[in-house]
Amino acid sequence: MKDEAAFDRILASLHEAALDPARWPGFSAVVDEALGVHGTSLFFGDGKLASGEDTKIAFYWTCSHGERRTDLERLFIGTYYALDERIPRLRHAPDGQLIHNTEVLTKRELRTSPAYHFLRSSNGGDSVNVRLDGPKGSRITWSLHDPIDRDGWSSARLDLIRRLLPHLRQTVRVQVALGGGGMLGMTLAGLLETAGMGVIQLDRRARIVAANDPALGLLRSGDVLFDADGCLSTRAPAANAELLNLLGRALPPFGTQAAGGTMIVPRPSGPPPLALHVVPVGGGDAEPGAWPVAALVLVPDAAQAADLDIAAVAEALRFTRAESQVAVLLAQGMTVGQIAAATNRGESTVRSHVKHMFTKSGITRQADLVRLVRSLAGSGGSGPGKGDAPQP
């Protein structure tokens, strides 16, 4: 963690894990080394955005120094998960806030909790936890285990974790999209043989190397995406500028670490729009023979695009997180009063968020705001749904 190279190594390993969850222990090993910690745990689970009380764990991974600790996973889920006082509190923690175990547990619980005793015995007593809103109404919780040295959670360690959070969220988005298309863990060549979603391969100059059949169909129709002399482009000028920026971050100059991202591309004829996930590819180290592929552009079908998360709505419409949460809940059919109760806000605060969204989007009616959010999701009326996969 002494220089920027540590962050670059972590990010490169995270990009590999986005395409193949089997690489997650390798990513965790890089984090362990860079941060000087005993390991990490990742929860991913679905649940209603309003409360999360019915959240169901889709997966739970605990890794230490590059190895999955399935023994600890089974013991925690089978015995201590239901007893862990942190779980319901972390469910409602603010998105992206780092929370120490000592902040989420009372002094008495730190002495008497069986779950906390288990965490201490497995080098997790001084864990730092963070909850993130995930795709399709899911929740992500990432826990980083105890520091190995006696310096504790230094500001440098915590700053590095914060820098990683948007990339971690993006990784889960990509994994859920690939999982929905039955494409997780496939080789680059294998992705071109599937029809689960559109896949476009780009070289380091952002030129199209290859595309699978669904992507070729999109490019040939040309109503949203098209091949502009070998380069990926979109019809809407504003969206095209955003696409170029996204590709620039995924394919930066040599010596600069790449970063993935997601954007929403509107259709000229109206909804549903397209969601584009841009994923950097590590090259020969990540998959022998991958060169000259340097990035993938993944285009889920309309059914998958229907399940956008709060963060994606915020990115697409430039709403704040609080406004986006209200917008998604309105789109799910909840009233202002129900949203206020579910989010522990006053009704006047919820109405204020709605007014701010009206101003930002140029909309004057709540029904039009709901229609806008549903069009982003491509749902036509059902609103965002539940996720397929980790968290408490």
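Residues numbered from 1 in each chain as written. Predicted model: local features only at pLDDT ≥ 70, side-chain atom pairs only at ≥ 80, totals over all residues. Heavy atoms only, no water.

### A short note on the overall build of the chain
And step 1. What the chain contains, in helices and strands, is 17 helices and 13 strands.
And step 2. Counting only residues that meet the buried cut, the chain has 55% of its 392 residues in that class.
And step 3. Here the chain has roughly 16700 Å² of accessible surface; of this, 52% comes from carbon and sulfur atoms. (Helix = DSSP H or I, 4+ residues; strand = E, 2+ residues; numbered from the N terminus. Buried < 20%, exposed > 50% of the residue type's maximum accessible area, 1.4 Å probe, protein only. Areas by Shrake-Rupley, 256 points an atom, 1.4 Å probe, with all protein chains shown as cover.)

### Some remarks on the packing of aromatic side chains
And step 1. Throughout the structure, instances matching the rule amount to 12 aromatic pairs.
And step 2. Taking the centre distance of 4.3 Å and the plane angle of 20° together, the rings of Phe 43 and Tyr 60 count as stacked. Separated by 17 residues along the polypeptide, Phe 43 in strand β1 (residues 40–46) and Tyr 60 in strand β2 (residues 56–64) bring together distant segments of the chain.
And step 3. Accessibility expressed as a relative area gives 3% for Phe 43, which makes it buried.
And step 4. The class of Tyr 60 is buried, set by a relative accessible area of 11%.
And step 5. Centroid distance Phe 43 to Phe 76: 6.0 Å. Interplanar angle 65°. Geometry classified as edge-to-face. One end of the pair, Phe 43, is in strand β1; the other, Phe 76, is in helix α3 (residues 70–80), with 33 residues separating them in the sequence. Like Phe 76, Phe 43 is buried.
And step 6. Grouped by ring-pair contacts, the aromatic residues Trp 24, Phe 27, Phe 44, Phe 59, Trp 61 and Trp 142 constitute a single cluster.
And step 7. In this structure, Arg 163 packs its charged tip against the face of Phe 7, placed 3.8 Å from the ring centre. (Phe/Tyr/Trp six-rings, centres within 6.5 Å; stacked < 30°, edge-to-face > 60°. Lys NZ or Arg CZ within 6 Å of the ring centre and 35° of its normal.)

### Considering unusual backbone geometry
And step 1. Non-glycine residue His 65 carries a positive phi angle of around 55°.
And step 2. In the Ramachandran plot, Arg 318 falls in the positive-phi region, its phi being about 60° despite a non-glycine side chain.
And step 3. Inspection of the secondary structure assignment puts Arg 318 in the loop between α13 (310–317) and α14 (321–331).

### Structural notes on the pairing of strand β5 (residues 128–133)
And step 1. Counting buried residues in β5 gives six out of six residues, a clear majority hidden from the surface.
And step 2. Along β5, one buried face is formed by Val 128, Val 130 and Leu 132 and the opposite face, lined by Asn 129, Arg 131 and Asp 133, is buried too.
And step 3. Sheet topology note: the strand β4 (residues 98–100)/β5 ladder contains three bridges and is antiparallel. By the bridge assignment for β5, Ile 99 is matched with Asn 129.
And step 4. Where β5 and strand β6 (residues 139–144) come together, six bridges link them in antiparallel fashion. Its bridge partner lying in β6, Asp 133 is registered against Arg 139. (Pairing = 2+ DSSP bridges.)

### Some points on the nonpolar core
And step 1. Formed by 33 residues in total, the largest nonpolar core has its most connected members in Trp 24, Phe 27, Trp 142 and Ile 161.
And step 2. When residues of this core are traced back to their parent elements, those giving at least two are α1 (4–19), α2 (24–35), β1, β2, β5, β6 and α8 (155–180).
And step 3. When neighbours within four sequence positions are excluded, Ile 161 is seen to be in contact with Leu 35, Leu 98, Trp 142, Leu 144 and Trp 153.
And step 4. Counting residues in each nonpolar core, the second largest holds 25 residues, with Leu 219, Leu 247, Leu 251 and Met 263 among its members. (Core = buried A, V, L, I, M, F, W, Y, C linked by side-chain atoms within 4.5 Å. Contact = heavy atoms within 4.5 Å.)

### A word on the pattern of salt bridges
And step 1. Scanning the model with the defined rule gives 14 salt bridges in all.
And step 2. For the salt bridge of Arg 23 with Glu 16, the shortest nitrogen-to-oxygen distance reads 3.3 Å.
And step 3. Residue Arg 169 pairs with Asp 95 through a salt bridge whose shortest N-O separation is 3.0 Å. One end of the pair, Arg 169, is in helix α8; the other, Asp 95, is in the loop between α4 (86–91) and β4, with 74 residues separating them in the sequence.
And step 4. Through salt bridges with shared partners, a single network forms among Arg 131, Asp 133 and Arg 321. (Salt bridge = Lys/Arg side-chain N within 4 Å of Asp/Glu carboxyl O.)

### Brief notes about the packing of helix α15 (residues 336–343) against helix α16 (residues 347–361)
And step 1. Packing of α15 against α16 leaves a shortest axis separation of 8 Å and a crossing angle of 115°. What the angle tells us is that α15 and α16 run roughly perpendicular. Every pair of crossing elements has a handedness; the one defined by α15 and α16 is right-handed. Between α15 and α16, the contacting residues are Val 336, Gly 337, Ile 339 and Ala 340 on the first element and Glu 347, Val 350 and Arg 351 on the second.
And step 2. Among the residues making up the contact of α15 with α16, the classes are represented as four nonpolar, one polar and two charged. (Axes fitted to C-alpha atoms, helices over the stretch in contact; angles between N-to-C directions. Parallel < 35°, antiparallel > 145°, perpendicular 65-115°, else oblique. Left-handed = near helix turned anticlockwise from the far one by under 90°. Nonpolar A, V, L, I, M, F, W, Y, C, P; charged D, E, K, R; others polar.)

### Concerning the confidence of the model for the chain
And step 1. The predicted model of the chain averages 84 in pLDDT, with 85% of residues at 70 or higher.
And step 2. Of all helices and strands in the chain, the one with the weakest mean pLDDT is helix α12 (residues 302–305) (50), whereas β4 scores best (97).
And step 3. Throughout residues 49–53 the model reports pLDDT below 50, and contacts reaching past four residues in sequence, or to other chains, amount to 16 contacts.
And step 4. When the criterion is pLDDT under 50, residues 378–392 qualifies, and its contacts beyond four places in sequence or with other chains add up to 61 contacts. (pLDDT = per-residue confidence, 0-100.)

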